[in-house]
Amino acid sequence: MSMPEPVITVRDLEMGYGSFVLMRDLTFTVNRGDVFIIMGGSGCGKSTLLKILVGLKQPSRGQVFHGDVNFWDADVEVRESIQRRFGMLYQSGALWSSMTLAENIALPLEQYTKLGTGQIREVVALKLALVGLAGFEDFYPSEISGGMKKRAALARAMALDPDILFFDEPSAGLDPVSARLLDDLILELRASLNTTIVIVTHELASIFAIGNNSVFLDVEARTMTASGDPNKLLAAPPNPNVHKFLTRGEK
Amino acid sequence: MSTREQSVPLDSRIRIDRYGGDTLAIRLSGDWKLDQGLPSTAPVIREIESRQPVRGVILEDVGIRGWDSGLLTFLIKVVDFCSTAGIPVTADALPEGVRRLLALARAVPARAGARKESGREPFLPRVGSQALSVWRSTRETVDFLGETAIAFARLLRGKATFRRSDLSLLLQECGSKALPIVSLISLLVGLILGFVGAIQLRMFGAEVFVADIVAIAMVRVMGAIMTGIIMAGRTGAAFAAQIGTMQVNEEIDALKTMGISPVEFLVLPRLIALIIMMPLLCAYADLMGILGGFVVGVGMLGINPVEYLHRTQEALTLTTFWIGLFHSLVFGVLVALASCLRGMQCGRSASDVGAAATRAVVTSIVAIIVATAIITFLCEVLGL
Ligand SMILES: Nc1ncnc2c1ncn2[C@@H]1O[C@H](COP(=O)(O)OP(=O)(O)O)[C@@H](O)[C@H]1O
Ligand SMILES: [Mg+2]
């Protein structure tokens, strides 16, 4: 393997809403090609951290570097060009309900590429085929199931061949089989496209199957109490809360 | 591999070579990214077709510098063409990632019949489905009215479930918050009536009867119609959008599964709020309209203020006032029912909510005008 190349570096980050501090002193690095897991109990601020990483919310203190650009100090144009390389899968899917699946995926392509309508249609068909939804172009989000919505949202997140994909609880609300399939799909996409992936999840199966790097947010300590390869964290838990989380409190 | 026979340059990134008579090698190099534009597959496919018989196609990477979905869309079309033509494709010499993605994209076959039929239906089926949808919507309306009537009966027996706090918020929303716009509109309508009347009456030197015209027109019907239309646009649209959004978020389903009737819980408080507030708003609008007429009569025509008020008092009877209030009560019921019905009928997407709000306003206004015609006719028959 070559030297790890940092794509996201977080330093001394503090986040909260108003005067309410959720987490402080977060420092970690996501390297190119990582499947990076943000772990932690419900309500500890995982979604909030993800929003900060993709630039939807400003941290109350600290820095986020994308490559070597300090994101929140950069100009708006620089920030937008960085964000264009992101794909994001929202917790609810967030497909645009008044558009068909094809239109959902085509919109970013129409915005940011110079492709003609015919070529856009081909790319849309490819993305849908990659997530196993070939032929569902003309369906509206209200006409497909929850798992299919998640996959369609993944197709939309991948529309522009992003460098980094962010996922907020991709398997939440899915049955175990669909969740497994989604995990496999994520792994497959990473292996073939070498996309860096940042995932919020508390699905243990996913964490151990796909993660190679992670950060653990501890509600009680209000900071991160562990980071690194989740399998190694399980083998040698640095503190009881991590152990409890990674073993679901069993044993 | 046997001897190479000929080489055809197409796009600078593609080369097609032929081996041993019936095997084609498609060799790819250079940049294959979406923003570099995609080469057409047509010439490649024509090559394959024109060189029949082809027993095999080899896809080969001879120096691809960068690739993304652009390369994949190109390859998929070639591979799809070959598989329908029954030509085996060897992709071993493609980058590993490309091979895996190709396999992934072709793993789940396109679901047959998933694609929707587009194009126009023939005439008769279209008429038929129109008729069916009219029938369906009529039945929905009747069902809805029935459910509302039942809910109302339960209310009278003190059994209806809804939150009193919802009702008080709604009363505020339909009452005091509507006052500014009702004031403005009715004052202006009073002014206009006074103005138009004055121009006609001046010809006969009967300016003083402006007071009669404004008073009777406002109190008997205009006050009620104006508040009705304002409430249809302001409150009716809001009701439909609120209930429609709840429909989209499956909140209505949640009420139903808990055994709470959405009609009782959502429609009843809105109906009550409008039944209480519309007559009050109407009485207020009457007053503002008379004030508007007063401004024209006294300010422009120079009628003595005391005389103007005296004529107004002469012209109005209690019956006129009650007829006006009756109008507004009916309009309140119509606006509440029409907008809640449209909200309940809302589809499951964001744009359906907008459509529901529009339909609520249109239905309410049509209902208001039709009801006015009916009430006017009934009053005529009853000699009121
Ligand atoms: N917009 C908001 N305003 C105020 N507090 C919020 C907001 N969004 C989330 N929170 C609070 O922040 C905490 C973390 O939320 P979130 O990041 O969504 O948690 P999770 O780890 O479950 O994704 C929760 O306690 C939540 O109440
Ligand atoms: Mg969350």
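None of these values were measured; they are calculated from a predicted model.

Next up on the list: the sheet that holds strand 5 (residues 69-70) of chain A. Residue and element names in this part refer to chain A. A sheet is described by the order of its strands in space; here four strands give the open sequence 2-1-4-5, paired in antiparallel fashion. What marks the edges here is a single partner per strand, and that holds for strand 2 (20-31) and strand 5. Sheet analysis places strand 4 (residues 61-66) next to strand 5, joined by two bridges and oriented antiparallel. Looking across to strand 5, one finds that Phe65 is bridged to Asn70.

Here we take up a nonpolar patch on the surface. Among the surface-exposed residues, B:Val362, B:Val366, B:Val370, B:Ile374, B:Phe377, B:Leu378, B:Val381, B:Leu382 and B:Leu384 lie close enough to one another that they form a single nonpolar patch of about 890 Å² accessible area. As for its position among the elements, B:Ile374 is in helix 12 (residues 350-382).

A word on the interface of chain A and chain B. Taken together, the contact pairs 27 residues of chain A with 24 residues of chain B. For the pair chain A and chain B, the two sides together bury roughly 2400 Å², of which 64% comes from carbon and sulfur. Taken together, the connections running from chain A to chain B amount to two salt bridges. With a closest N to O distance of 2.8 Å, B:Arg100 and A:Glu188 form a salt bridge. At the surface where chain A touches chain B, the tally comes to four residue pairs in polar contact (both at pLDDT 80 or more). Of all elements in the fold, only helix 4 (117-130) and helix 6 (176-193) of chain A reach the threshold of two or more residues within the side of chain A that touches chain B. Here the side of chain A that touches chain B gets seven residues from one element, more than from any other, and that element is helix 4 of chain A. Each residue belonging to the side of chain A that touches chain B can be placed in one class, and the counts come to 13 nonpolar, seven polar and seven charged.

Let's shift gears to helix 4 (residues 123-156) of chain B. All names here are of chain B. Along its 34 residues, helix 4 runs 50 Å from first to last C-alpha, staying within 8% of the 50 Å computed at 1.5 Å per residue. All of the buried residues in helix 4 are Phe144, Thr148 and Ala151. Where helix 4 is buried, its residues touch helix 9 (262-300) and helix 11 (318-344). Gly158 lies just past helix 4 and shows a positive phi near 75°.

A word on the site of ligand 1. Residues and elements named next belong to chain A. Neighbouring ligand 1 are the residues Tyr17, Leu22, Ser42, Gly43, Cys44, Gly45, Lys46, Ser47 and Thr48. Contacts to ligand 1 include Cys44, whose backbone N or O atom sits 3.4 Å from an oxygen atom. Interatomic distance of 2.6 Å between a side-chain N/O atom of Ser47 and an oxygen atom of ligand 1. Considering every element that reaches the shell around ligand 1, the biggest residue donor is helix 1 (residues 46-54), with three residues. Of the residues that constitute the shell around ligand 1, the class distribution is three nonpolar, five polar and one charged.

This part covers the side chain of A:Glu188. Here A:Glu188 lies in helix 6. The buried category is assigned to A:Glu188, whose relative accessible area is 19%. Beyond its immediate stretch of four places on either side in the chain, A:Glu188 contacts B:Arg100 and B:Leu104.

Attention now goes to the packing of helix 4 of chain A against helix 3 (residues 96-105) of chain B. Relative orientation of the contacting elements helix 4 of chain A and helix 3 of chain B amounts to 85°, with a least axis distance of 7 Å. One element, helix 4 of chain A, and the other, helix 3 of chain B, form an angle in the roughly perpendicular class. In contact with A:Leu126, A:Ala129 and A:Leu130 of helix 4 of chain A, helix 3 of chain B contributes B:Leu101, B:Leu104 and B:Ala105. Considered class by class, the residues forming the contact of helix 4 of chain A with helix 3 of chain B number six nonpolar, no polar and no charged.

A few words now on the pairing of strand 3 (residues 23-32) of chain B. All names here are of chain B. Of all 10 residues in strand 3, seven are buried; the element is thus mostly enclosed. Of the pairings in the sheet, the one linking strand 2 (residues 14-19) to strand 3 comprises six bridges and is antiparallel in character. In the sheet register, Ile14 faces strand 3, and the bridge partner there is Leu28. Where strand 2 folds back onto strand 3 in an antiparallel hairpin, the turn is made up of three residues, including Gly20, whose phi is positive at roughly 45°. When strand 3 meets strand 4 (residues 56-67), the two strands line up parallel, connected through nine bridges. When the sheet's bridge partners are listed, Thr23 is paired in strand 4 with Gly56.

Analysis parameters
- Residues numbered from 1 in each chain as written.
- Chains lettered and ligands numbered in written order.
- Predicted model: local features only at pLDDT ≥ 70, side-chain atom pairs only at ≥ 80, totals over all residues.
- Heavy atoms only, no water.
- Pairing = 2+ DSSP bridges.
- Helix = DSSP H or I, 4+ residues; strand = E, 2+ residues; numbered from the N terminus.
- Patch = residues over 30% accessible without salt bridge, like charges linked within 9 Å, V, L, I, M, F, W, Y side chains within 5 Å.
- Areas by Shrake-Rupley, 256 points an atom, 1.4 Å probe, with all protein chains shown as cover.
- Salt bridge = Lys/Arg side-chain N within 4 Å of Asp/Glu carboxyl O.
- Contact = heavy atoms within 4.5 Å.
- Buried area = accessible area lost by both parts, 1.4 Å probe.
- Polar contact = N/O pair within 3.5 Å; in protein donor to acceptor, adjacent residues only side chain to side chain.
- Nonpolar A, V, L, I, M, F, W, Y, C, P; charged D, E, K, R; others polar.
- Expected span 1.5 Å × (residues − 1).
- Buried < 20%, exposed > 50% of the residue type's maximum accessible area, 1.4 Å probe, protein only.
- Near = heavy atom within 4 Å.
- Axes fitted to C-alpha atoms, helices over the stretch in contact; angles between N-to-C directions.
- Parallel < 35°, antiparallel > 145°, perpendicular 65-115°, else oblique.

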